[in-house]
Amino acid sequence: MKPVSLIQFMIEERRAGHVNAELSLLIEVVARACKRIAVATNKGALGGVLGMAGSEDALSMNIQGEAQKKLDVISNEILLEANAWGGHLAACASEEMEDPQPIPDMYPKGNHLLLFDPLDGSSNIDVNISVGTIFSVLRCPDGVTEPKAVDFLQPGTAQLAAGYVVYGPATVLVLTFGHGTHEFTLDREVGSFVLSRRDIRIPAETAEFAINMSNQRHWQAPMQRYIGDLLAGKDGPRGKDFNMRWVASMVADVHRIVTRGGVFYYPLDAKILQQGGKLRLMYEANPMAFIVEQAGGAATTGRERIMALQPTALHQRVPVFLGSRREVELATHYHRSADEAPG
Ligand code: AHG
């Protein structure tokens, strides 16, 4: 079969009425920026891109209060710069920046809002483990010419497109416009993303889970019970053995799930109770939930569907349960039934 490039794929999607010209051009700009991030991550130590941003005495910190890696800063700049002149955006918001970034006056403006986590899992960069970019596209509310944070606070169901790029042994883009989830692999010689899987389906059942077990003693009771039942394997109530994986890079963990099924959990625990969770709703949970649901999987907070949440802040954090549908539903059931139990 003849290879289908990302551009050809988006022309097909336009003809099918799944995407308009402005949105497909916006995705092309994001994909081009991600190719540049792939080049920077691939250079590793030779590109002088490893290590922390800032100086030894004054590390550069992001809005989340986390020390930034050089590649966090570089990836953020690549995405901002590429998207500023594209003409398809009203504003961008990045996990690395406190406030949305307006489009400079010298460039034309469009009617989309772009949110991104420029380099997710960046603690893995220095040890040469996969990292990734996550993005989500919303429509700018009608009549808004200078979008503020409040204009981005739309539920995940309002997303027009979402995707991630995993910078691993291969650079892979996974994308949805709300009509299935599709995968493109970067052909480095040709320099273009080529369709490698159309309409991905995540198996509903799984025997593989991903969670940071070191937080076990801090989890809430339903999570303790649920994971306890998985760990009991064949001898426990589930009657089968489960395997565990944890890359600590959400993009890599989710990519495994969209490839062979499985579940990913970052539940609430006592250490992160005040902040509402570890992962960010707008930059991580919503786009990944859209991708996973479009592939037949499920995504909840352990209690509610992620995409139905009304966001209250740009950098809001939430618990995340996503992946193979039946297993996510079961984990969610443990929480809901505990909440409903008398006493
Ligand atoms: P960061 O981008 O700050 O490295 O965060 C990574 C996220 C996510 O990608 C990953 O699943 C999770 O944090 C890992 O958290 P733990 O370090 O607590 O395992």
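Residues numbered from 1 in each chain as written. Predicted model: local features only at pLDDT ≥ 70, side-chain atom pairs only at ≥ 80, totals over all residues. Heavy atoms only, no water.

## So, the sheet that holds strand β15 (residues 320–323)
Item 1. One open sheet holds the five strands; their spatial order is β10-β9-β11-β15-β13, and the pairing between them is mixed. Each edge of the open sheet carries a strand with a single partner, namely β10 (243–244) and β13 (298–300).
Item 2. Strand direction decides the pairing type here: strand β9 (residues 208–210) and β10, joined by two bridges, are parallel. Within the sheet, the bridge partner assigned to Phe209 lies in β10 and is Met244.
Item 3. This element, helix α6 (residues 250–260), spans β9, β11 (263–266) and β15 of the sheet and lies at about 35 degrees to β15. (Pairing = 2+ DSSP bridges. Helix = DSSP H or I, 4+ residues; strand = E, 2+ residues; numbered from the N terminus. Contact = heavy atoms within 4.5 Å. Axes fitted to C-alpha atoms, helices over the stretch in contact; angles between N-to-C directions.)

## Things to note about the sheet that holds strand β5 (residues 161–167)
Within a sheet, adjacent strands bond to each other through the backbone by hydrogen bonds, running parallel or antiparallel.
Item 1. The strand order across the open sheet formed by eight strands is β2-β1-β3-β4-β5-β6-β7-β8, and the pairing between neighbours is mixed. The strands lining the two open edges of the sheet, one partner per strand, are β2 (101–102) and β8 (192–197).
Item 2. Relative to strand β3 (residues 112–120), strand β1 (residues 89–94) is paired through five bridges, and the arrangement is parallel. Directly across from Ala93, in β3, lies its bridge partner Leu115.
Item 3. Against the sheet, helix α1 (residues 6–15) touches β6 (171–176), β7 (181–187) and β8, its axis set at about 155 degrees to β7.
Item 4. This element, helix α3 (residues 70–84), spans β1, β2, β3 and β4 (131–139) of the sheet and lies at about 160 degrees to β3.

## As for α1
Item 1. All buried positions along α1 are accounted for by Leu6, Phe9, Met10 and Glu13. Down the axis of α1, the smallest arc covering the buried residues is 95 degrees, so these residues share one side.
Item 2. The inward-facing, buried residues of α1 contact α2 (21–43), β6, β7 and β8.
Item 3. Following α1 by one or two positions, Gly17 adopts a phi angle in the positive range, close to 80 degrees. (Buried < 20%, exposed > 50% of the residue type's maximum accessible area, 1.4 Å probe, protein only. Arc of directions from axis to C-beta.)

## Thoughts on the pattern of salt bridges
Item 1. Taken as a whole and assessed by the stated rule, the structure comprises 16 salt bridges.
Item 2. The partner of Glu208 in a salt bridge is Arg256, with the nearest N and O atoms 3.7 Å apart. Of the two residues, Glu208 sits in strand β9 while Arg256 sits in helix α6, which places them 48 residues apart along the sequence.
Item 3. Note on Glu208: relative accessible area 12%, which makes it buried.
Item 4. Taking the relative accessible area as the measure of exposure, Arg256 reaches 13% and is therefore buried.
Item 5. Between Glu208 and Arg260 there is a salt bridge, with its nearest N and O atoms 3.0 Å apart. Here Arg260 lies in helix α6 and Glu208 lies in strand β9, a separation of 52 residues in the sequence.
Item 6. Several salt bridges share partner residues, and in doing so they unite Glu208, Asp253, Arg256 and Arg260 into one network. (Salt bridge = Lys/Arg side-chain N within 4 Å of Asp/Glu carboxyl O.)

## Description of the nonpolar core
Item 1. Tyr164, Phe264, Met288, Val320 and Leu322 are the most contacted members of the largest nonpolar core, which has 44 residues in total.
Item 2. Tallying contributions element by element places helix α7 (residues 281–294) first for this core, with nine residues.
Item 3. Per-domain counts for this core show at least three residues from each of domain 1 (6–197) and domain 2 (208–340).
Item 4. Look past the residues within four positions of Val320 in its chain and what remains in contact with it is Met250, Phe264, Tyr265, Tyr266, Pro267, Leu279, Ala285, Thr300 and Ile306.
Item 5. Grouped together as the second largest cluster of nonpolar side chains are 43 residues, Leu23, Ala31, Ala38 and Ala161 included. (Core = buried A, V, L, I, M, F, W, Y, C linked by side-chain atoms within 4.5 Å. Domains from an automatic or database assignment.)

## Observations regarding the domain arrangement of the protein chain
Item 1. According to the domain assignment, the protein chain contains domain 1 (6–197) and domain 2 (208–340).
Item 2. The straight-line distance from the C-alpha centre of domain 1 to that of domain 2 is 24 Å.
Item 3. Taken residue by residue, the interface counts 49 residues in domain 1 and 31 residues in domain 2.
Item 4. Surface buried jointly by domain 1 and domain 2 totals about 2,900 Å² across both partners, of which 61% is contributed by carbon and sulfur atoms.
Item 5. Summed over the three residues of domain 1 that lose the most area to domain 2, namely Ile134, Leu153 and Tyr164, the buried surface amounts to 20% of that side.
Item 6. Seen at the junction of domain 1 and domain 2, the total is one salt bridge.
Item 7. With a shortest N-O distance of 3.7 Å, Glu95 and Arg280 are connected by a salt bridge.
Item 8. Secondary structure elements with two or more residues in the side of domain 1 that touches domain 2: β1, β3, β4, α4 (149–152), β5, β6 and β7. (Buried area = accessible area lost by both parts, 1.4 Å probe.)

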